[in-house]
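Inside the fold
If you want the building blocks of each chain, they are given just below.
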Amino acid sequence: MRILVVDDNPINLKFLFYSLRNQYEVEMANDGNEALKKTNQIKYDLIIMDLWMPVIDGAETTRQIRSLNSNINNKTPIIFCTTSSAETDRERCITVGANDYMLKPVNVGLLKEKLRYYLSC
């Protein structure tokens, strides 16, 4: 199973990479632009997305992935992992097409449960 992790923080990228690499093929993107390029070229089984990133945030990146029929990942499950506990941010992510929303610091056990759920659908 191939997972794309999108986060502008290198520590978060490394944490998720090392937490998931033994069970999944994990690729990383440092921002929304890089994520859009990758999702137009490579089919992923799931995407883990940060909300607050410079240039293109995670919500806009998700909106663009979902809105383009040409994007091969427009139906791929997307889980947000973010520091924002504001209900308006969670609603924004769900509205643009996220499947789920988790708060950082990420509970790896809970994340793996969610991955098993979405990857089995």
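What you see is a predicted model; the values in this text were computed from it and never measured. Residues take numbers from 1 onward in each chain, read along the sequence in its written order. Local features are withheld for residues below a pLDDT of 70 in this predicted model, meaning they are given only at 70 or higher, and side-chain atom pairs are given and counted only at 80 or more; totals for whole chains, interfaces and linings count all residues. Remark: hydrogens and water are excluded; side-chain values derive from all non-hydrogen atoms of the structure.

Things to note about the sheet that holds strand 1 (residues 2–6)
Strand-to-strand pairing in sheets goes through backbone hydrogen bonds, with the strands running parallel or antiparallel. Strand pairing requires that DSSP identify at least two bridges connecting the strands. Under the DSSP-based scheme used, a helix requires at least four consecutive residues in state H or I and a strand at least two consecutive residues in state E, with every element numbered from the N terminus. A sheet is described by the order of its strands in space; here five strands give the open sequence 2-1-3-4-5, paired in parallel fashion. The outermost strands of the open sheet, each flanked by one partner alone, are strand 2 (25–29) and strand 5 (100–103). Each strand of the sheet is rotated relative to its neighbour by a mean of 20 degrees, with strand direction disregarded. Strand direction decides the pairing type here: strand 3 (residues 46–49) and strand 4 (residues 78–82), joined by three bridges, are parallel. Paired with Ile47 across the two strands is Ile78, which belongs to strand 4. Should any heavy atoms of two residues lie within 4.5 Å, those residues are considered in contact. Simply put, an axis is a line fit to the C-alpha atoms, just over the touching stretch for a helix, and the angle between two N-to-C directions goes from 0 to 180 degrees. Against the sheet, helix 1 (residues 10–20) engages strand 1, strand 2 and strand 3, with an angle of about 170 degrees to strand 2.

Points about the nonpolar core
What makes a nonpolar core is a set of buried Ala, Val, Leu, Ile, Met, Phe, Trp, Tyr and Cys residues whose side-chain atoms join them at distances within 4.5 Å. Only protein chains enter the accessibility calculation, which uses a 1.4 Å probe; a residue whose area is less than 20% of its type maximum is buried, one above 50% is exposed, and one in between is partly exposed. Leu4, Val6, Ile47, Met49 and Phe80 are the most contacted members of the largest nonpolar core, which has 19 residues in total. Contact partners of Leu4, with chain neighbours within four places excluded, come to Glu27, Met28, Ala29, Ala35, Lys38, Thr39, Tyr44, Leu46, Ile47 and Ile48. With 17 residues, the next largest nonpolar core counts Ile3, Ile48, Ile79 and Tyr118 among its residues.

Section: helix 1
If you check which residues of helix 1 are buried, you get Leu13, Leu16, Ser19 and Leu20. The buried residues of helix 1 occupy an angular sector of 140 degrees when the element is viewed end-on, so they sit on one face. Away from its buried face, by an angle of more than 90 degrees, helix 1 presents the exposed residues Pro10, Ile11 and Lys14. Elements that come into contact with the buried residues of helix 1 comprise strand 1, strand 2, strand 3 and helix 5 (108–120). Polar contact is defined as a pair of N or O atoms within 3.5 Å, subject to the rule that within protein one atom must be able to donate a hydrogen and the other to accept it, and that residues adjacent in sequence are counted only when both atoms are side-chain atoms. One side-chain oxygen at the N-terminal end of helix 1 lies 2.7 Å from the backbone nitrogen of Ile11; it belongs to Asn9. Think of the arc as the fan of directions from the helix axis to the C-beta atoms.

What to know about the pairing of strand 2
As paired elements, strand 1 and strand 2 share five bridges and run parallel to each other. Following the sheet pairing, Val6 is matched in strand 2 by Ala29. As a crossover connection, the stretch from strand 1 through helix 1 into strand 2 is right-handed. Call a crossover right-handed when, viewed with both strands pointing away from you, the route from the first strand across the helix to the second goes clockwise.

Here we look at the pattern of salt bridges
Opposite charge on two side chains lets them pair, provided their charged atoms get close. Each salt bridge in this description consists of a side-chain nitrogen of Lys or Arg and a carboxyl oxygen of Asp or Glu lying within 4 Å of one another. The tally for this structure, following the rule as stated, stands at nine salt bridges. The salt bridge partner of Arg2 is Glu27, with a shortest N-O separation of 3.4 Å. Taken as a pair, Arg2 in strand 1 and Glu27 in strand 2 lie far apart in primary sequence, 25 residues in all. The class of Arg2 is partly exposed, set by a relative accessible area of 25%. Here Lys114 ties to Asp100 by a salt bridge, and the two come within 2.9 Å at their closest N and O atoms. Pair noted here: Lys114 is in helix 5 and Asp100 is in strand 5, with a separation of 14 residues, a long-range link. We note that Lys114, like Asp100, is buried.

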